[in-house]
Amino acid sequence: ADLNEKQRLYDTAGAKTPVLFYANGSIPSWRVMLMLEYLQVPYEKRRLRVMSKPKETQHPEFLRINPRGKTPTLVLTQGRGTLHESLAILHYAVSHLPGGGTL
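Quick caveat, the model's predicted, so the values are computed rather than measured. (Residues numbered from 1 in each chain as written. Predicted model: local features only at pLDDT ≥ 70, side-chain atom pairs only at ≥ 80, totals over all residues. Heavy atoms only, no water.)

### Description of unusual backbone geometry
Stage number 1. With an omega dihedral of -10°, the bond running from Lys 53 to Pro 54 counts as a cis peptide bond.
Stage number 2. Among the structural elements, Pro 54 can be located in the loop between strand E2 (44–47) and helix H3 (60–65).
Stage number 3. Across the junction of Thr 71 and Pro 72, the peptide omega takes the value 5°, indicating a cis bond.
Stage number 4. Position of Pro 72 among the secondary structure elements: in the loop between H3 and strand E3 (73–75). (Helix = DSSP H or I, 4+ residues; strand = E, 2+ residues; numbered from the N terminus.)

### Topic: the side chain of Glu 56
Stage number 1. Tracing the backbone through its elements, the reader meets Glu 56 in the loop between E2 and H3.
Stage number 2. In terms of polar contacts, Glu 56 uses its side chain to reach the backbone amide nitrogen of Arg 49, at 2.7 Å. (Polar contact = N/O pair within 3.5 Å; in protein donor to acceptor, adjacent residues only side chain to side chain.)

### Brief notes about the pairing of E2
Stage number 1. Judged from the 4 bridges that link them, strand E1 (residues 19–22) and E2 form a sheet pairing that is parallel. When the bridges of E2 are listed, Leu 20 appears paired with Lys 45.
Stage number 2. For the crossover that starts at E1, traverses helix H2 (residues 27–38) and ends in the parallel E2, the hand is right-handed. (Pairing = 2+ DSSP bridges. Right-handed = clockwise from strand over helix to strand, strands pointing away.)

### Here we look at the pairing of E1
Stage number 1. Of the two faces of E1, both are covered, the one formed by Val 19 and Phe 21 as well as the one formed by Leu 20 and Tyr 22.
Stage number 2. As judged from the 3 bridges shared by E1 and E3, these two strands associate in the antiparallel manner. Note on E3: the bridge partner recorded for Leu 20 is Leu 74. (Buried < 20%, exposed > 50% of the residue type's maximum accessible area, 1.4 Å probe, protein only.)

### Focus on the sheet that holds E3
Stage number 1. With mixed pairing, the 4 strands of this open sheet are ordered in space as E2-E1-E3-E4. Of all strands in the sheet, those with a lone pairing partner are E2 and strand E4 (82–83), marking the two edges.
Stage number 2. Bridging between E3 and E4 involves 2 bridges; their strand directions are antiparallel. If you follow Leu 74 over to E4, its bridge partner there is Leu 83.
Stage number 3. Packing of H2 onto the sheet brings it into contact with E1, E2 and E3, and relative to E1 it is tilted by some 150°. (Contact = heavy atoms within 4.5 Å. Axes fitted to C-alpha atoms, helices over the stretch in contact; angles between N-to-C directions.)

Written as structure tokens, this is what we have:
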């Protein structure tokens, strides 16, 4: 992939919905996707390949989003922040996203 394509992968500035960076086969990532789907929260999924060399989670652009270089990572809209751990994302989802209060 060329540099511009990589930069677009990590660019969340114009996102209209939260952006979830995930790794395929990651149970913590699946946990978050299941909850967001259950709550019917609109979000954008962006898959990062962790079996490639170099890992997409170690790309400098992603490390600006999550310095730990881990997934799942949820980038909220309108500069409201970024959540890096699946349990923190789940807590935020049920506490602050539409539909979360019904659990």
